[in-house]
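Given next are the chains, with one letter for each unit.
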Amino acid sequence: MEVGRLPISASQRSKLIAAGYTTLSSFSSLSPSHLARDLKISDNEAAEIMRVASHSHRLDGSAGGCGTVNGAQTAWDMLHEEEMFPRITTSCEDLDNILGGGINCKEVTEIGGVPGIGKTQLGIQLAINVQIPVDYGGLGGKAIYIDTEGSFMVERALQIAEACIEDMSECGGLLRKDSQACQLKMHPNNILENIFYFRVCSYTEQIALINYLDKFISEHKDVKIVIVDSVTFHFRQDFDDMALRTRLLSGMALKLMKLAKDFSLAVVLLNQVTTKYIDGSFQLTLALGDSWSHSCTNRVILYWNGNERYAYIDKSPSLRSASAPYSVTSKGIRNSASNCKRIKMM
Amino acid sequence: MANKQISQMGLPKSIANVFAARNVFTAKALSLMELRVQNEHLAGHLPTHMKGLDEALCGGIPFGVLTELVGPAGIGKTQFCLKLSLLASLPANYGGLDGHVIYIDVESKFSSRRLIEIGVKSFPEIFHRKEMAQEMAGRIHVLRPASLSEFTESLQQIKVSLLQNQVKLLVIDSMAALVTGEFEHGAPRQKTLGWHVSFIKSLAEFSRIPVVVTNQVRSQSRDETCHYFFQVQSWNETIEDRTRHDSHLVAALGINWAHAVTIRLVLEAKSGQRFIKVAKSPIAPPLAFPFNITSSGILLLSDDGIELTGPDINTIHCQGHNDIINFGGESLQ
C-alpha cells in the first residue's frame, strides 16, 4: 500500500518519500527508532506513523485479501510506484522511444556492443542525465560510476556536462517566459561533483565494492543510477574455474537487482562481445555466457548497421523488440542525423 | 593514495576504513578533474607534435591508459614509437616528459641510428651538442626479450622502476609478436594474453604513464562474420563479402584485446597514400589524417582530419602500399 494514501501529515509524508519509503511494506518491518533516525524525527513521531500505517493496513480489507504475504506488493501498487519515478533519458529521442521513455529505475539494464560503438559514451551520458533537475523532467539524482577498464575520461564528462546544461537552458528559455524564475544554477563542476567514481582493478575488488554499495547508498540516498563499465573485463582475463565464475556472476547479479529494487535506482551494466559458433557459423554475442544472459531485466545491443550506429532491444519484459539509430557527437549521445530516421519494429 | 581520496569523500569512518583496507580507489569525478587535468604535467597527455592528431586526442597520448598502434608491415608503427620515445625523453621546456623510456623491442626493429637522425632533424638545437644527444639517447632503455616468459619477468622489474618514478613512457613493439609465436590459437593464448593485458593496464594506471603497444594485422578468414543473430544478411551480401575477405585485413590478437585497449590508432595505406586513423577513443571523433614518413619522423599532410562515418574507421587497408616502397615509380594499377 502506498505511503500516498496514509492519513499522516504532508510533511511526514514528504519525509518518508524523500527517504525512499514509498510503500508500507518498505518500512513496516523496521523498528521505530530506525525509522526515526532515517527521517530525522523523534522516536514518538516515528512510532505514531507506524501505528497509523499498520492500522490503515488492517482496515484496507481488499489489499489485505489473500492473507497478505509479508513483504509482497500487489501489482496495482507496483504500477503506481512505477509512475512515480520518471525514466532517465538518453538524450536521443529515437532511443528513448524504443526504451519506453528512457532507462527505468528499479531495473537492471545490460548494454553491450563491439569496441568503439559507444558504450562508455552512453554510460557517461546517463551519469549526467540522471542529474537533470526535477523541473526539467529529470530525476535530480546523483550517479555512481564503477570503472573496471579505465575508460572514463574526465574531460569527456566535462564536455558532455556542458552540452547538457546548454540544452537545458535552451529548453528552459522556450518553455518559460519568466527567465528569472528558472535561473539554471547548474555549473559543469556541480555535475562532476555528483558523479561518484570508483576504479576497481580486479574481480575481487569488483565484488567487494558491489557488496558494500548498499551501505554507501544508504548514506547517499539521492544516488539514482549505478553504472558498471564494464562488468565483463575482470571476468574475462584469467579465470580457470568457469563454474566459480558463473557462481560469482550470478551472486553479483542478484545483489545488483536487490540494490535496484531496495533503493529505487537504475542499474546499467555495460558488457563486451564475443564470438560464438552457432548453427554452423560464427556469430557475435554478448560476453559472460548463457547463464549471465538471464540475469538482467533488460538487454540492449549496440551494433553497426551500414554506416550508422543502432541500438536493438534484445530482451525486456515490457518493451517490444525494436531497433533505433543514434549517434555519438561532441555533445554526447544524440539523434542520428540521417534523413530516413525510422524505428524498425522486428 | 586511496586513503587520500576516500577521506575527501566525507564517508563515515566505518566505510572509509573498509574501502581503504580493500584498496578501492574512489573519488568524485570533480576531484579527478582537479587531480589529473589541472595538476598533472601537460594535463595528462604526451604531445606527439602532430598538430591534428594532438587536437583530436585532446592533447596527445593520454597517461594511464593503453594506446594501440595497428597496421600492416612497413607502414610506420616503429617510426611512430621511435618519435614518441624521443619526445618523452626531452626536457619539459621542449614539450617532453623529461623522463626515461622503456622500449621493449621484440622483433629487433629498434634502430638507434634512426633515433638520432629523427632527433637531429626535429630538434637540431638540442641534438647538435653531443653530450645532450648522449643524455637523451641514454634515457631510452631497450629490452629484447626472447620469449614471453622473459617478457613477463622484465615486467615485474619494470614495475619497480616505475615505483621509483623515473620512467615516463613504456613502449611495447610488438605485442602480437610476443604472443603469437608461443601458443596455438585458442584458450591458453587468450588466458595468457588476458593476464598480461590486466597487468600492463594496472601498471599504466598505477604509475600514470602512457603505454603504447603495437599490433600486427592478419587476413580475415572466410568463417568470420561480424553480425548478430538478429541481423539478417541477404544472399547477395554474403557473396560480396566473400570476395572482399581475401584482401581484408583485421587487427591481430582478437576481440578481447580490442575491448581492452582504450585508444586504437590504425595506420593504413589506401590508394598509395598512408593514413593514420583514430579508430577507438573515448573523446576523439573518427578522423583520418594523411601522413608521410620523413627524416624527422612522421609528418601529417593535413591537420584537418577527414571524418569517417561508420565501421569503416576500423578497417585496415593495404592498397597501393608497394607503390610507396618503389619510391614513386610507375604505378602498377
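Quick notes on the rules
Residues numbered from 1 in each chain as written. Chains lettered and ligands numbered in written order. Predicted model: local features only at pLDDT ≥ 70, side-chain atom pairs only at ≥ 80, totals over all residues. Heavy atoms only, no water. Phe/Tyr/Trp six-rings, centres within 6.5 Å; stacked < 30°, edge-to-face > 60°. Buried < 20%, exposed > 50% of the residue type's maximum accessible area, 1.4 Å probe, protein only. Lys NZ or Arg CZ within 6 Å of the ring centre and 35° of its normal. Helix = DSSP H or I, 4+ residues; strand = E, 2+ residues; numbered from the N terminus. 1 Å grid on protein atoms, 1.4 Å probe; cavity = no way out; pocket = protein on both sides within 12 Å on 5 of 7 lines; lining within 4 Å. Points joined across faces, edges and corners; volume = space filled by probe spheres on them. Nonpolar A, V, L, I, M, F, W, Y, C, P; charged D, E, K, R; others polar. Domains from an automatic or database assignment. Contact = heavy atoms within 4.5 Å. Axes fitted to C-alpha atoms, helices over the stretch in contact; angles between N-to-C directions. Parallel < 35°, antiparallel > 145°, perpendicular 65-115°, else oblique. Left-handed = near helix turned anticlockwise from the far one by under 90°. Lys, Arg positive; Asp, Glu negative; His and termini not counted. Salt bridge = Lys/Arg side-chain N within 4 Å of Asp/Glu carboxyl O. Polar contact = N/O pair within 3.5 Å; in protein donor to acceptor, adjacent residues only side chain to side chain. pLDDT = per-residue confidence, 0-100.

Trainee: Would you explain the packing of aromatic side chains in this entry?
Mentor: The way to describe two aromatic rings as a pair is by their centre distance and the angle between their planes. Throughout the structure, instances matching the rule amount to 9 aromatic pairs over all chains. Seen from their ring centres, Tyr303 of chain A and Tyr310 of chain A are 6.0 Å apart, and the 35° between their planes marks the pair as tilted. With respect to burial, Tyr303 of chain A and Tyr310 of chain A carry one shared label: buried. A connected cluster of aromatic rings, assembled from ring pairs, spans Tyr145, Phe152 and Tyr197 of chain A. In this arrangement the basic side chain of Lys201 of chain B is found over the ring face of Phe233 of chain A, its NZ or CZ atom lying 4.8 Å from the centre.

Trainee: How should unusual backbone geometry be read in this particular structure?
Mentor: Note on backbone geometry: most residues besides glycine have negative phi, and most peptide bonds are trans. Here the amide bond leading from Asp229 of chain A into Ser230 of chain A is cis, since omega sits at -15°, within 30 degrees of zero. Checked against the element boundaries, Ser230 of chain A lands in the loop between strand E4 (223-229) and helix H12 (233-236). Of note, the amide linkage connecting Asp173 of chain B to Ser174 of chain B takes the cis form, showing an omega dihedral of 0°. Positionally, Ser174 of chain B belongs in the loop between strand E7 (167-173) and helix H10 (175-180). Unlike most non-glycine residues, Asp98 of chain B shows phi in positive territory, near 55°. Turning to its location among the elements, Asp98 of chain B is positioned in the loop between helix H5 (77-89) and strand E5 (100-105). For Asp98 of chain B, a relative accessible area of 39% gives the class partly exposed. At Arg208 of chain B, a position not held by glycine, the phi torsion is positive, near 50°.

Trainee: Sorry, what's going on with the layout of surface pockets here?
Mentor: The method is simple in principle: a probe with the dimensions of a water molecule rolls over the atoms, and the space it marks as empty is what remains. Residues and elements named next belong to chain A. Empty space within the second largest pocket amounts to approximately 1,400 Å³. In terms of lining residues, the second largest pocket is bounded by 39 residues, among which Gly20, Lys261, Asp262, Phe263 and Ser264 are the most central. Elements represented by at least two residues in the lining of the second largest pocket include exactly helix H1 (10-18), helix H2 (24-28), helix H3 (32-39), helix H6 (75-84), helix H11 (203-219) and helix H13 (242-263). With 6 residues, H13 is the largest single contributor of residues to the lining of the second largest pocket. In terms of residue class, the lining of the second largest pocket is built from 12 nonpolar, 13 polar and 14 charged. Here the lining of the second largest pocket spans two domains, and each of domain 1 (3-82) and domain 2 (86-334) adds at least three residues to it.

Trainee: Help me out: how do you make sense of the environment of Leu95 of chain A in this one?
Mentor: Residues and elements named next belong to chain A. Secondary-structure assignment places Leu95 in helix H7 (residues 93-98). With 144 residues separating them in the primary sequence, Leu95 and Phe239 have C-alpha atoms 35 Å apart. Aside from chain neighbours lying at most four places away, what touches Leu95 is Thr90, Ala311 and Ala324.

Trainee: Please explain the packing of H11 of chain A against H13 of chain A as it appears in this structure.
Mentor: Axis angle and axis distance: for two packed helices, these are the angle between their axes and the distance between the axes, and together they describe the pair. Residues and elements named next belong to chain A. Look at H11 against H13: their axes get within 11 Å of each other, and the N-to-C directions meet at 15°. If you check the angle between H11 and H13, you find them roughly parallel. Crossing of H11 against H13: the hand is left-handed. Only Leu248, Met252, Lys255, Leu256, Leu259 and Phe263 of H13 make contact with H11, whose side of the interface consists of Tyr203, Gln206, Ile207, Ile210, Asn211, Leu213, Asp214, Ile217 and Ser218. Counted by class, the contact of H11 with H13 contains 10 nonpolar, 3 polar and 2 charged residues.

Trainee: Is there a simple way to think about the side chain of Asp173 of chain B in this case?
Mentor: Residue and element names in this part refer to chain B. For Asp173, the location among the structural elements is in strand E7. The charged side chain of Asp173 is buried without a salt bridge, its nearest counter-charge being Lys109 at 5.3 Å. Reaching out from Asp173, the side chain makes a polar contact with the side chain of Thr214 at a distance of 2.9 Å.

Trainee: Is there a simple way to think about the confidence of the model for chain A in this case?
Mentor: Note: predicted coordinates in regions of low pLDDT should not be interpreted at a detailed level. Residue and element names in this part refer to chain A. Summary statistics for chain A give a mean pLDDT of 82 and a share of 88% for residues scoring 70 or more. Of the regions scoring below 50 in pLDDT, residues 61-66 engages in 1 contact with residues more than four places distant in sequence or in other chains. Per-residue pLDDT stays below 50 along residues 177-182; that stretch engages in 3 contacts with residues further than four places along the chain or on separate chains.

Trainee: Would you take a moment to explain the side chain of Thr262 of chain B for this structure?
Mentor: Counting through the fold element by element, Thr262 of chain B comes out in the loop between helix H13 (254-260) and strand E11 (263-270). Overall, Thr262 of chain B belongs to the buried group, its relative accessible area being 6%. If sequence neighbours within four positions are ignored, Thr262 of chain B has contacts with Gly150 and Ser151 of chain A together with Val65, Leu66, Lys201, Lys280, Ser281 and Pro282 of chain B.

Trainee: Just checking my understanding: could you explain the pattern of salt bridges for this structure?
Mentor: Any two side chains of opposite charge can pair if their charged atoms end up close together. Enumeration according to the criterion identifies 15 salt bridges over all chains in this entry. A salt bridge links Arg139 of chain B to Asp98 of chain B; its shortest N-O distance comes to 2.8 Å. In this pair, Arg139 of chain B sits in the loop between helix H8 (130-138) and strand E6 (140-143) while Asp98 of chain B sits in the loop between H5 and E5, placing the two residues 41 residues apart along the sequence. Its salt-bridge partner being Glu135 of chain B, residue Arg139 of chain B comes within 2.8 Å of it at the nearest N-O pair. For Arg139 of chain B, a relative accessible area of 12% translates into the label buried. Three or more residues are tied together by salt bridges with common partners; here these are Glu110, Arg299 and Asp314 of chain A.

Trainee: Help me out: how do you make sense of empty space enclosed by the protein in this one?
Mentor: Residues and elements named next belong to chain A. In this structure the tally under the stated criterion is 4 cavities of 30 Å³ or more. Roughly 70 Å³ of internal volume is contained in the largest cavity. What lines the largest cavity is Arg87, Leu99, Gly102, Ile103, Asn104, Glu107, Thr109, Asn298, Ser318 and Leu319. The residue makeup of the lining of the largest cavity, split by class, is 3 nonpolar, 5 polar and 2 charged.

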